[in-house]
Amino acid sequence: MSLLHLAVFAPFLLALFVPILYKLFRQIHTGWFVLILPVLLFTYFSRFIPLTKQGDVITERAAWIPSLDITVDFYVDGLGLLFALLITGIGSLVVLYSVFYLSKEKEKLNQFYVFLLLFMGSMLGVVLSDNLIVLYSFWEFTSLSSFLLIGYWNERERSRYGAQKSLLITVFGGLSLLGGIILLSIMGNTFSIRELISQSGQLIDHSLFTPALLLVLLGAFTKSAQFPFHIWLPDAMEAPTPVSAYLHSATMVKAGLYLVARLSPVFAESGLWLWLVSITGLITLFWGSYSAIKQTDLKAILAFSTISQLGLIMSLLGLGAAALHYESMGETIYLAATVAAVFHLINHATFKGSLFMVAGIIDHETGTRDIKKLGGLMQVMPITFTVAIIGAFSMAGLPPFNGFLSKEMFLASMVSVLELDIFNMDTWGVLFPVIAWVASVFTFIYSMIVVLKPFTGKLSLKLLDRKPHEAPIGMLLSPIILASLVIVFGIFPNLLSSSIIKPAVASIQPSLVGPDFQVHIAFWHGPEPEVWMTIGIIVLGVLLYKTLSKWQGITMWVPDRISLNSLYDNGLRGLERSSSFVMKCLMTGSLRTYLLSVFLFFILSLGFTIYWKDAFTLDTKHFAPIGFYELLLAGVIVAAAIAILFAKSRLTSIIILGAVGYAISLFFVLLRAPDLALTQLVIETISVSLFLLCFFHLPLLASRKEERMTFRLNNAMISIGVGVIVTLIALSAHSNKLFDSISSYYLENAYKEAGGKNVVNVILVDFRGLDTMFEITVLSIAALGIFAMIKLRLTRRKDQS
Amino acid sequence: MELLMAIVIGILFMCATYLMLSKSMLRIIIGTGLLSHGAHLLILTMGGLKGGSVPLLSDETASYVDPLPQALILTAIVISFGVTSFLLVLAYRSYQELGTDDMEEMRGTETNE
């Protein structure tokens, strides 16, 4: 354990105390206590910046399950640090924002902050773990905390729906990720990411390489809401806005990007990887930006925009893999794609975080997020408007904001695809810049919708639930900080380039980034194609935005019936219906049906096994001789057992059962088992008295309903089957001795080790003492159950009294 | 002897099964009682019968019967007593509360209550 371990587990520890703090200090908003932790952690992680800048990696080890090669090894390198800073940095701002967003009187703050801290800790675990199993555990924990946070307002039906949807889709992906991890560990014989990376050259030829690649990507795509798994993200917007800003735009949905980036050195040599990652990213980019335009809810627009931006980063990460195939040429243009991916990841967190917070403020102050009702808020909320305009212009890719820079780099990378001549890229590659450009036009349009629709135009107070005014300064603080970062990173991008971006790129492409590699981001780099593309985007974007009302209807042409959402809904409904059908067939509520299936299975499976394995043998050599008394007792038992079947009254059958029991205890005497005989005698006496106690005072049943002949015949057939099978097993078990008996050990050691001459007793109280203790436990549980049943009085009793 | 025992065990199991398949709760409980008797004898028979003297150590005797099945059965007797008494009280109480001991009448699932 080390300070780094403490840092990752600190949110979990604090989560334990949040409910106590909430109870003790009701008048103080719980968020203030929580805020301290991410700020501390952010400072702690910032100290690593100089170290990773020099290419150092900090590793801290701790054993967890050494026998399975599972260790809690955390390591901080460029990529891990970038994410850790995002998680704690945005985390601090989000907690600060939530203090003003969530009222301390009305909301269940104790739950909210526990979930949020769980998420923070597990997300840190995901990005800092070296062991894939540990990474997976934290990965599922992020899905779980996301589920809890989406369903935070669990009295709303939509919240529960969204929470379930996100859980089903991300956990499905998580399971396939686990499958991929296991395949990777079979190939590389290790769970450690760095050890896998070190042997990546040999892995690519392994027969499991492609399945592992597909499974890992499935995990990453579901988590990062890539097409066609993106459908959970818009429904996740039911969560409180701080959660949407934090989990569903800045951090958790980037876990998939993290995974792709982290495992790039393992998989990126493969052409399949390059194609899948970049194409899926592009489709998501296009589909997300296209769908964003038809939304009317501010948060829904932002959700689709997040999907689209995640696709953008994903496609850049995929394209970055091309650099591996050009290393001899000293070509850095494809490496630039990775640089752009990392830079845009940071930029997206800043501008999208601020936009989500703005949407939250609008919702908070006006009571609606519907852009049809909103308008003209510019006059009443000037500060919010300024923040919104910075965020939206950055998202649209306008100078001088950071989004402009990374958008230009993105376009440049897409244009460079035209020069690729590997994996058939030369034929289909032309699609890349085209799709990227079209999607960017859509991005421009929805960015304008986000900022212009609510803030410009006419303010119509009638449509709003409350009279809007500027948000309190505390609520504005976080978006203002993020908006300032948008400008700072836009004007001075090289603040980040060598300290954060270069180490992160070095972790994604370790074989390519040497000591002389430099990241330099510049505003103006000559009249390159990307500049013309940006100008084109702005011109066409403005034109299309002006005429939005005329063509927006076209986006609605996909009917709801064939959408992915209805596929999900119908699939879920079908699953529920078919499982309830199967359930109804199996669980009839009739004990007889259950027992019949148990006995039938018993007969068929054992009978078949005996037949198939030819297991029945009869060895008469070791048979013991039959004495007169034994024959007599056997006759008594058989006669009594059969007599029970025909007994008419309860009393008779109880007494006959007692007779069987006593006969068996006499049998134990003859078979040299005195302890058994004694126990059986005592137990049988108690049993019979208990039977009589219970049933003597009850009235005799009016003659039992005549059971139909077929009913009895069926029962008789099954019973005879069971009897025959058991007889066969008894004989075979006696005749076959597959293993040496362990009994001689007890005979030899009973006196030596335990000092007792009665071997049976010694076994029970000494050698197998623990078993006996559990036996006593079972008895006490039965006694408790009996006590509870006797105490239980249902309605009939109440009526009588 | 073992052959005789095997047949006795088979008959015990057969009767137990028949009783357990009937509708009356009391008969089901008696069935489980018979079933455990059969199982005890089955364990004893599997180990071999009368292979030596009683497993009480002394210097004179050379061979003993297998003590392990006996230890197992001893545990099983006590457990089956626990189960039987639990079922009995369950039957008794449900008869008191519901006025029937017919399993088909008591039948109910979560959906058709």
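Conventions used here
- Residues numbered from 1 in each chain as written.
- Chains lettered and ligands numbered in written order.
- Predicted model: local features only at pLDDT ≥ 70, side-chain atom pairs only at ≥ 80, totals over all residues.
- Helix = DSSP H or I, 4+ residues; strand = E, 2+ residues; numbered from the N terminus.
- Buried ≥ 20, exposed ≤ 12 C-beta atoms within 10 Å, placed from the backbone.
- Contact = placed C-beta atoms within 7 Å.
- Rg over C-alpha atoms; globule rule 2.2 N^0.38 Å.
- Core = buried A, V, L, I, M, F, W, Y, C linked by C-beta atoms within 7 Å.
- Axes fitted to C-alpha atoms, helices over the stretch in contact; angles between N-to-C directions.
- Parallel < 35°, antiparallel > 145°, perpendicular 65-115°, else oblique.
- Nonpolar A, V, L, I, M, F, W, Y, C, P; charged D, E, K, R; others polar.
- Expected span 1.5 Å × (residues − 1).
- Left-handed = near helix turned anticlockwise from the far one by under 90°.
- pLDDT = per-residue confidence, 0-100.
- Bend = angle between axes of the 7 residues up to and from the residue.

A. Quick look at the overall build of chain B. From N to C terminus, chain B includes four helices and zero strands. In sequence order, the secondary structure elements of chain B are arranged as α-α-α-α. Taking all 113 residues of chain B together, 58% fall into the buried category. Considering only contacts within chain B whose residues lie at least 6 apart along the sequence, 54% involve residues at least 24 apart.

B. Representation of the overall build of chain A within the structure. Per the secondary structure count, chain A includes 34 helices and four strands. Expected size for 801 residues packed as a compact globule is a radius of gyration near 28 Å; at 36 Å, chain A overshoots this value by more than 25%. Its C-alpha atoms give chain A principal-axis dimensions of about 115 × 70 × 55 Å. Among the 801 residues that make up chain A, the fraction classed as buried is 47%. In chain A, the proportion of contacts linking residues at least 24 apart, taken out of those at least 6 apart, comes to 78%.

C. Focus on the nonpolar core. Judged by nonpolar contacts, the single largest core of 210 residues is most densely connected at Leu117(A), Leu149(A), Val339(A), Val342(A) and Leu355(A). Residue contributions to this core peak at 20 residues, all from helix α16 (residues 333-366) of chain A. In this view, Val342(A) contacts Leu82(A), Ile501(A), Ala504(A) and Val505(A); residues no more than four positions away in its chain are not counted. Counting 71 residues, the second-largest nonpolar core is a separate cluster that includes Ile637(A), Ala6(B), Leu12(B) and Ile73(B).

D. Layout of the packing of helix α6 (residues 132-150) of chain A against helix α7 (residues 157-188) of chain A. Residues and elements named next belong to chain A. It is at 8 Å that the axes of α6 and α7 come closest, and there the two elements cross at 175°. As judged from the angle between their axes, α6 and α7 are roughly antiparallel. Its residues placed into classes, the contact of α6 with α7 shows 13 nonpolar, eight polar and one charged.

E. Seen up close, helix α25 (residues 564-586) of chain A. Between its terminal C-alpha atoms α25(A) stretches 33 Å, which fits the 33 Å expected from 23 residues at 1.5 Å a residue. Within α25(A), only zero of the 23 residues are buried, which leaves the element largely exposed.

F. Quick look at the packing of helix α18 (residues 402-416) of chain A against helix α20 (residues 431-455) of chain A. Residue and element names in this part refer to chain A. The contact between α18 and α20 brings their axes to 8 Å, and the two run at 155°. Looking at the two axes, α18 sits roughly antiparallel to α20. Crossing angle aside, the handedness with which α18 passes α20 is left-handed. Residues Lys 407, Phe 410, Leu 411, Met 414 and Val 415 of α18 pack against Phe 432, Pro 433, Ala 436 and Ser 440 of α20. Residue classes in the contact of α18 with α20 are distributed as seven nonpolar, one polar and one charged.

G. Geometry of the environment of Ile521(A). All names here are of chain A. Here Ile 521 shows up in the loop between α22 (494-508) and α23 (529-546). With 13 residues separating them in the primary sequence, Ile 521 and Ile 508 have C-alpha atoms 19 Å apart. Beyond its immediate sequence surroundings of up to four residues, Ile 521 is in contact with Phe 343, Leu 405, Pro 493, Asn 494 and Ser 497.

H. Local environment of the interface of chain A and chain B. Between chain A and chain B, the contact holds 83 residues from the first and 69 residues from the second. Listing elements by their share of the side of chain A that touches chain B, those giving two or more residues are α26 (591-612), α27 (628-646), α28 (650-670), α29 (674-696), α30 (709-735), α31 (743-754), α32 (759-767) and α33 (769-791) of chain A. Ranked by residues supplied to the side of chain A that touches chain B, first place goes to α30(A) with 14 residues. Taken together, the residues of the side of chain A that touches chain B sort by class into 55 nonpolar, 17 polar and eleven charged.

I. Representation of the confidence of the model for chain B in the model. For chain B, per-residue confidence averages 84 on the pLDDT scale, and 95% of positions sit at 70 or higher. Helix α4 (residues 103-106) of chain B is the least confidently modelled element of chain B, averaging 74 in pLDDT, while helix α1 (residues 2-20) of chain B averages 92, the highest of any element.

J. Fine view of helix α13 (residues 255-267) of chain A. All names here are of chain A. The terminal C-alpha atoms of α13 lie 17 Å apart, and with 13 residues this matches the ideal 18 Å at 1.5 Å per residue to within 8%. The axis of α13 is deflected most strongly, by about 30°, at Ala 261, and proline Pro 265 appears within four residues downstream. With 13 of 13 residues buried, α13 lies mostly within the body of the structure.

K. Expanded view of unusual backbone geometry. Residue and element names in this part refer to chain A. Here the bond from Phe 227 into Pro 228 is cis, since omega is 0°, no more than 30 degrees from zero. Along the polypeptide, Pro 228 turns up in the loop between α10 (209-223) and α11 (232-235). Along the chain, Pro 399 connects to Pro 400 via a cis peptide bond; the corresponding omega equals 5°. Residue Asn 189 is not a glycine yet carries a positive backbone phi of 60°. Looking at the secondary structure, you find Asn 189 in the loop between α7 and α8 (193-198).

L. Looking closely at the environment of Gly429(A). All names here are of chain A. Mapped onto the elements, Gly 429 comes out in the loop between α19 (425-428) and α20. Separated by 263 residues in the primary sequence, Gly 429 and Leu 692 have C-alpha atoms spaced 88 Å apart. When residues no more than four places from it in sequence are discounted, the contact partners of Gly 429 are Val 417, Leu 418 and Leu 420.

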